[in-house]
Amino acid sequence: MALITQARDGASLVRGITRILGSGPGSLKTLTWELERAAEDPHASRRALILYRAERLSYAEVDALARRLAQSYRARGVTRESVVAVMVENRPAYVLHLFALWKLGAITALVNPETQGPALKHTLEACAATHATIGSECLTQLRSILPELKASLTANVYIDMH
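Quick look at the structure, then. (Residues numbered from 1 in each chain as written. Predicted model: local features only at pLDDT ≥ 70, side-chain atom pairs only at ≥ 80, totals over all residues. Heavy atoms only, no water.)

A look at the packing of helix H2 (residues 31–40) against helix H4 (residues 92–104)
Running from amino to carboxyl end, H2 crosses H4 at an angle of 105 degrees, the nearest separation of the two axes being 9 Å. By the angle between their directions, the pair H2 and H4 is classed as roughly perpendicular. Contact with H2, carried on its side by Leu31, Thr32, Leu35 and Glu36, involves Phe99, Trp102 and Lys103 of H4 and no other residues of that element. Residue classes in the contact of H2 with H4 are distributed as four nonpolar, one polar and two charged. (Axes fitted to C-alpha atoms, helices over the stretch in contact; angles between N-to-C directions. Helix = DSSP H or I, 4+ residues; strand = E, 2+ residues; numbered from the N terminus. Parallel < 35°, antiparallel > 145°, perpendicular 65-115°, else oblique. Contact = heavy atoms within 4.5 Å. Nonpolar A, V, L, I, M, F, W, Y, C, P; charged D, E, K, R; others polar.)

Focus on the pattern of salt bridges
Side-chain pairing between opposite charges can occur once the charged atoms of the two side chains come close. Counted by the stated rule, this structure contains six salt bridges. For lysine 103, the salt bridge identified is with aspartate 63, shortest N-O distance 2.7 Å. With lysine 103 in helix H4 and aspartate 63 in helix H3 (residues 59–75), this residue pair connects regions lying 40 residues apart in the sequence. Exposure remark for lysine 103: the relative accessible area of 21% places this residue in the partly exposed category. (Salt bridge = Lys/Arg side-chain N within 4 Å of Asp/Glu carboxyl O. Buried < 20%, exposed > 50% of the residue type's maximum accessible area, 1.4 Å probe, protein only.)

Focus: the side chain of serine 82
With respect to the helices, strands and loops of the structure, serine 82 is situated in the loop between H3 and strand E3 (83–87). Filtering out sequence-adjacent residues up to four positions away, serine 82 remains in contact with Gly77, Ala106, Ile107, Thr130 and His131.

A closer look at the nonpolar core
Looking at soluble globular proteins, one finds that nonpolar side chains tend to be buried together. Of all hydrophobic cores here, the largest spans 24 residues; its most connected members are Val62, Tyr73, Val78, Val84, Val86 and Leu101. Breaking this core down by element, the ones donating at least two residues are H2, H3, E3 and H4. Residue contributions to this core peak at seven residues, all from H4. Beyond its immediate stretch of four places on either side in the chain, valine 62 contacts Leu35, Leu49, Ile50, Leu57, Leu96 and Phe99. One finds Leu124, Leu142, Ile145 and Leu149 within the second-largest nonpolar core, a separate group that totals 15 residues. (Core = buried A, V, L, I, M, F, W, Y, C linked by side-chain atoms within 4.5 Å.)

Describing the packing of aromatic side chains
Inspection of the entire model under this criterion finds two aromatic pairs. Seen from their ring centres, tyrosine 73 and tyrosine 158 are 5.9 Å apart, and the 75 degrees between their planes marks the pair as edge-to-face. One end of the pair, tyrosine 73, is in helix H3; the other, tyrosine 158, is in strand E6 (residues 157–160), with 85 residues separating them in the sequence. Taking the relative accessible area as the measure of exposure, tyrosine 73 reaches 3% and is therefore buried. For tyrosine 158, a relative accessible area of 10% corresponds to the buried category. Aromatic side chains phenylalanine 99 and tryptophan 102 sit 5.7 Å apart centroid to centroid with 80 degrees between the ring planes, which places their arrangement in the edge-to-face category. Here phenylalanine 99 and its partner tryptophan 102 are both found in helix H4, three residues apart, which amounts to about one turn of the helix. Overall, the relative accessible area of 10% leaves phenylalanine 99 in the buried class. Residue tryptophan 102 is classed as partly exposed on the basis of its relative accessible area, which comes to 30%. (Phe/Tyr/Trp six-rings, centres within 6.5 Å; stacked < 30°, edge-to-face > 60°.)

What to know about the packing of H2 against H3
Running from N to C, H2 and H3 point in directions that differ by 125 degrees, and their axes come no closer than 8 Å. Relative to H3, the element H2 lies oblique. Relative to H3, the crossing made by H2 is left-handed. On H3, the residues that touch Leu35, Glu36, Ala38 and Ala39 of H2 are Tyr59, Ala60, Val62, Asp63 and Arg67. For the contact of H2 with H3, a count of residues per class yields six nonpolar, no polar and three charged. (Left-handed = near helix turned anticlockwise from the far one by under 90°.)

Honestly, that's just the spatial picture; any functional story needs more than this.
Now the structure itself:
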């Protein structure tokens, strides 16, 4: 089901999201709230949220894995409003990292895994990332610019080896 079939302008997008998530005081719902709610529901918790090749992850499994990842991020200094660049190819780990970071209230800067060289350096600097999660498949691109990155970011680069 498409959230919005024809979003021609920002107002259409906002109306569509508001219709799905609700509006008014106290009605703000997020994707992490929806995940947690489904993970606690006895029927929904077992339904598949992620189907990828032979892998099947239920709502409850995704929530549990995201919580563990969030604890790991928190231990590494990621806090509410930290900017975390995420450069992981389209696979389950990508979604797990996003949910983990959103649980902490971190700001995610999504980086195209095909980006390399000066464009990658510019992207990481322009988003003012304080941390970065890089998929193992993107290590070559990262290695080529690592000496040029700010020390504050290079100290906070996490490699996803899944």
